[in-house]
Amino acid sequence: MREAYGQGEAKRTWDAGLTEGQAKAAMAAWLAEIENRIAALRAVAKPADTLPALDLSQRECRALAGLWYEDLKARYEANPGDAEGWRIAQEEVIPEETAATYHLTAEEAEGLPLRVSPWLKREAVALLACKGLRLTDGATDRLHQDMASLWLRFADLMVQRAQGDWSPDPLPRTLPAWQEPAAKAPKEEAKGPTITELFDAYVRERQPKERTSVQWRRYIGRLERFLGHDDASRITKADIVRFKDHLLTVPSKATGKTLDANTVRNAYLAAAKAVFQAAVDNGRLPSNPVADVKVRAPKKARLRDPSLTDDEAHLILSAALSVTYSQPPHPAEYARRWVPWICAYTGARVSEITQLRKCDVVEREGVWAIHITPEAGSVKTEEARWVPLHSHLIEQGFVAFVQASREGPLFYVPRKEEKPGQPPAYKRTGERLAAWVREIGVTDPAVQPNHGWRHRFKTVGRGRLDAEARDRIAGHKPRTEGEAYGTWTLRSLSEQVEKLPRYDLPAGQGVRSGES
């Protein structure tokens, strides 16, 4: 019974404030629940390997998970306990890196691939044992995701109950009725490669950046769940068109909105197209089912320039000057103090700055400069470059700050081991910095709080800096083959950087300083 029940020992504790009678009653009710569940499992127990593996449809998996949802209600609804405990219980299925990085609510997380914890797997084993079922791997994965999704909804219901809301639960009306599946012959093994195998092969060969790999795995996983199978050789153009239409017309559980055409084209279909084309190139598939699928996206209205305005830039830089350090200081405080200023004077991508290490800030050719290199993290062009520091940064004490810092990253604390699938620490630092910029008042959704510096650098530099120098400093590719020849000395680039006007601002005030 251990595998069917999901554990080898059942334990429970109660509040020490219960009277002896209350404790005995609680113990008896709990014990009856345990014994009834064991009895039900024994009644249907069959050796798992004697059962045919069923490939349940999406509807059947949802209906089966619905039975589990009703069982949860029978177990817990009468005595919901503490609301906060149920909020914490939702974390059982929300990926830790997702919740920590993007600050998603449980409702928002429901639309994403959810974590299948050991506890949830045990619950699924018990459910299948009760129904006398064995599923294929694909159907098991779908069932796990449905159970995780319903667990989020169930925990929300228990929070309502714990807070005194006993209104009818609307969810059961939306769940399909469970019907015992007719006996099916075991399905033949897929003749073609699985979608996951093709994606893994693509990653091994092309070695995309980690963030791209994580995002694309989510997109490919959604395609697989939509199809209800993982046999890549069975996918047709019609399947991809149906998937496209689904993304464009079915609202997300997380937001209640459909995906826009650009996201479908440039994210979901772009990922699938690249993976399947690599499979065609390597002889694993005869054709690419995504190749000719088009998404017509209307051009979005542009309501403002993506560059930070004077007022927005001054507000951010003044707030950065006002940052005070706790004791001991946290690298996130250093990031707020220095990263906006460095971006303002270099036009670098924020991740290129948040990944800086102490060894990347050095004096060369008599010029203090930062070394932006793929060795430290992400560089879009995969090419290292040296960028001189503006004298205003040095006067503010940036070099002195670096020299007093410990070895290693300047703006985050490296972990001994990063969790698989989680954005790297320097990316998370940039995301937290963007959230801080929003908090201090740069709220216009048409401007990106970090990337706006990159646009502003080009805006301010036009008419002041040599065009080639602007591109070199910002890390843009040369516009012509001729511009790709030769190089820039640090001293020459430093002369160009010094042509940028200073941001002479008092701390804590977004006062316009004018431009020199």
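The coordinates are above.
Residues numbered from 1 in each chain as written. Predicted model: local features only at pLDDT ≥ 70, side-chain atom pairs only at ≥ 80, totals over all residues. Heavy atoms only, no water.

Turning next to unusual backbone geometry. In most cases, non-glycine residues show a negative phi, while peptide bonds are predominantly trans. For the bond running from Gln-327 to Pro-328, omega is 0 degrees, close enough to zero to count as cis. Within the element layout of this structure, Pro-328 appears in the loop between α13 (310–321) and α14 (331–346). Of note, Gln-207 is a non-glycine position whose phi angle comes to about 50 degrees, a positive value. Counting through the fold element by element, Gln-207 comes out in the loop between α9 (195–206) and α10 (210–227). At Glu-365, a residue that is not glycine, the phi angle is positive and equals roughly 55 degrees. (Helix = DSSP H or I, 4+ residues; strand = E, 2+ residues; numbered from the N terminus.)

When you tally the buried positions in helix α19 (residues 452–461), you get eight out of ten residues, the bulk of the element. Elements in contact with the buried residues of α19: α13, α14 and α20 (467–474). Directly beyond the C-terminal end of α19, a positive phi value near 85 degrees is found at Gly-463. (Buried < 20%, exposed > 50% of the residue type's maximum accessible area, 1.4 Å probe, protein only. Contact = heavy atoms within 4.5 Å.)

In the contact formed by helix α3 (residues 58–76) and helix α8 (residues 137–162), the axes pass within 9 Å of each other and the chain directions differ by 35 degrees. Crossing of α3 over α8 shows right-handed handedness. For the pair formed by α3 and α8, the contact residues are Gln-58, Cys-61, Arg-62, Leu-64, Ala-65, Gly-66, Trp-68, Tyr-69, Leu-72, Lys-73 and Tyr-76 on the first element and Ala-139, Arg-142, Leu-143, Asp-146, Met-147, Ser-149, Leu-150, Trp-151, Arg-153, Phe-154, Leu-157 and Met-158 on the second. Of the residues belonging to the contact of α3 with α8, the class tally is 15 nonpolar, three polar and five charged. (Axes fitted to C-alpha atoms, helices over the stretch in contact; angles between N-to-C directions. Left-handed = near helix turned anticlockwise from the far one by under 90°. Nonpolar A, V, L, I, M, F, W, Y, C, P; charged D, E, K, R; others polar.)

For the rest of this paragraph, the subject is the side chain of Lys-244. Turning to its location among the elements, Lys-244 is positioned in helix α11 (residues 237–249). Buried charged residue Lys-244 carries no salt bridge. Nearest counter-charge: Asp-245, at 4.2 Å. Setting aside residues no more than four positions away along its own chain, Lys-244 makes contact with Val-264, Leu-269, Val-293, Lys-294 and Val-295. (Lys, Arg positive; Asp, Glu negative; His and termini not counted. Salt bridge = Lys/Arg side-chain N within 4 Å of Asp/Glu carboxyl O.)

Let us now look at the nonpolar core. By size, the foremost hydrophobic cluster in this structure holds 50 residues, and its most contacted members are Ile-353, Ile-370, Phe-398, Phe-411, Trp-453 and Tyr-503. The biggest single contributor to this core is α14, with nine residues. With residues near it in sequence (within four places) discarded, Ile-353 still touches Val-339, Ile-342, Cys-343, Thr-346, Ala-348, Ile-370, Ile-372 and Phe-411. Formed by 36 residues, the second largest nonpolar core is a distinct cluster that contains Ala-83, Ala-139, Leu-157 and Val-159. (Core = buried A, V, L, I, M, F, W, Y, C linked by side-chain atoms within 4.5 Å.)

All right, on to the environment of Val-203 then. For Val-203, the position within the fold is in helix α9. When the C-alpha atoms of Val-203 and Val-275 are compared, they prove to be 8.8 Å apart, with 72 residues separating the residues in sequence. Filtering out sequence-adjacent residues up to four positions away, Val-203 remains in contact with Pro-208 and Ser-213.

With antiparallel pairing, three strands are arranged side by side in an open sheet as β3-β4-β5. Each having just a single partner strand, β3 (361–364) and β5 (385–388) make up the two edges of the open sheet. Mean inter-strand twist for the sheet, computed between neighbouring axes without regard to direction, equals 45 degrees. (Pairing = 2+ DSSP bridges.)

This part is about the packing of α20 against helix α21 (residues 490–497). Axis separation between α20 and α21 bottoms out at 10 Å; the angle between their running directions is 105 degrees. Viewed along their axes, α20 and α21 adopt a mutual orientation that is roughly perpendicular. The residues of α21 that touch α20, namely those facing Ala-469, Arg-472 and Ile-473, are Leu-493, Gln-496 and Val-497. Classifying every residue of the contact of α20 with α21 by side-chain character gives four nonpolar, one polar and one charged. (Parallel < 35°, antiparallel > 145°, perpendicular 65-115°, else oblique.)

Most of strand β4 (residues 367–372) sits out of view: five of its six residues are buried. Two elements, β3 and β4, share four bridges in a ladder whose sense is antiparallel. Its bridge partner lying in β4, Glu-363 is registered against Trp-368. A loop of two residues connects β3 with β4, the two strands running antiparallel in sequence, and Glu-365 in this loop sits at a positive phi of about 55 degrees. Looking at chain direction, β4 and β5 are connected through four bridges and run antiparallel. Its bridge partner lying in β5, Ile-372 is registered against Arg-385.

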